[in-house]
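These are the residues of each chain, in order.
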Amino acid sequence: MLVILAGSLYWYRPGPTPAAMLRCLPPGDGAVLYVNLSLLRKAGLLERIAGQPGGEEPEYKRFVETSGFDYRRDLDAAMVELRPGTNLMVLQGRFNWARLAEYVRSNGGQCASEFCSLPGSRPERRISFQPIQRRLMALAAGTDPMGAALIRKNASAPRFEPPSAPVWMYLPGSALHSQPELPPGLNAFLEALSGAERAVLTVEISAGGLEIVLAAPCATADKAKTIAERLSGETATLKDLIARSGKTSEPASPATVLAAGRFSADQTIVHGKWPLNKAFFEGLVK
């Protein structure tokens, strides 16, 4: 698998870089997730994560039939910024814009020139999209019916240097706190990181397969040491809770992954690692 991924890196013909995609998002400081699906697809990891084709919901199958777009085949990279009310996305792939517009109109939406908007799964939710380039889409999902209009080429200056990993997440300092919609284990992790300037999580190749890697810069070395100790303490507590529950932990559950974390402080930077073994991917598709 590692050889295939390395070969994919060599032969992959890149489209817009993550930095260029990031500049398409409007000014702000939300959490940003990036996934290079093309590399995951070539390495055989996308199928492990998403499961075998054919198991999708009927609604998604109808969407593929009408629009001609299937993320398994046609989506090469996705960048998502999580904002209150509306999530903003920059998608790189192969889009049949005419068929996508046909899908919008047949599902209660409308298109004006190249900008399309349609109802979402809930009354207060709207989905909007428009092309940025031929193979680059601006898409928004949430309460703002015109959300995609905010996303355009060079909409903002770079706010950070994107990692080179195929999968990463950027968390600004303002996001490092507990959030009601997240599981308790994840909230404990975010609370432990409170006080860091930001946190960047990447998925990287390791000797055992893949691992999530954390880098969290802090203002001082003492602050970094304190945060690393808090993370280690929360991890020990989580391990104890799992052991005392007497239940077999699910390989793909956030708690199981978080409980395997290891942390250290190097000067002003907190480092962390969580291994993702074969059982993790098998658990995702069960």
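Being a predicted model, the structure only gives us computed values, none of them experimental.

1. Notes on the side chain of N36
Within the fold, N36 resides in the loop between strand 1 (31–35) and helix 3 (37–42). Among the polar contacts listed, one links the side chain of N36 to the backbone nitrogen of S38, at a separation of 3.2 Å.

2. Details of the packing of aromatic side chains
A full pass over the atoms with the stated rule returns eight aromatic pairs. An aromatic cluster is defined as three or more aromatic residues linked by ring pairs; in this entry it consists of Y34, F160, W168 and Y170.

3. Points about unusual backbone geometry
In this structure, S113 is a non-glycine residue whose phi angle is positive, near 60 degrees. With respect to the helices and strands, S113 occurs in the loop between strand 4 (110–112) and strand 5 (115–119). Residue classification places S113 among the exposed positions, given a relative accessible area of 74%. Unlike most non-glycine residues, N154 shows phi in positive territory, near 55 degrees. Relative to the helices and strands, N154 is located in the loop between strand 7 (136–142) and strand 8 (167–172).

Rules behind the numbers
- Residues numbered from 1 in each chain as written.
- Predicted model: local features only at pLDDT ≥ 70, side-chain atom pairs only at ≥ 80, totals over all residues.
- Heavy atoms only, no water.
- Helix = DSSP H or I, 4+ residues; strand = E, 2+ residues; numbered from the N terminus.
- Polar contact = N/O pair within 3.5 Å; in protein donor to acceptor, adjacent residues only side chain to side chain.
- Phe/Tyr/Trp six-rings, centres within 6.5 Å; stacked < 30°, edge-to-face > 60°.
- Buried < 20%, exposed > 50% of the residue type's maximum accessible area, 1.4 Å probe, protein only.

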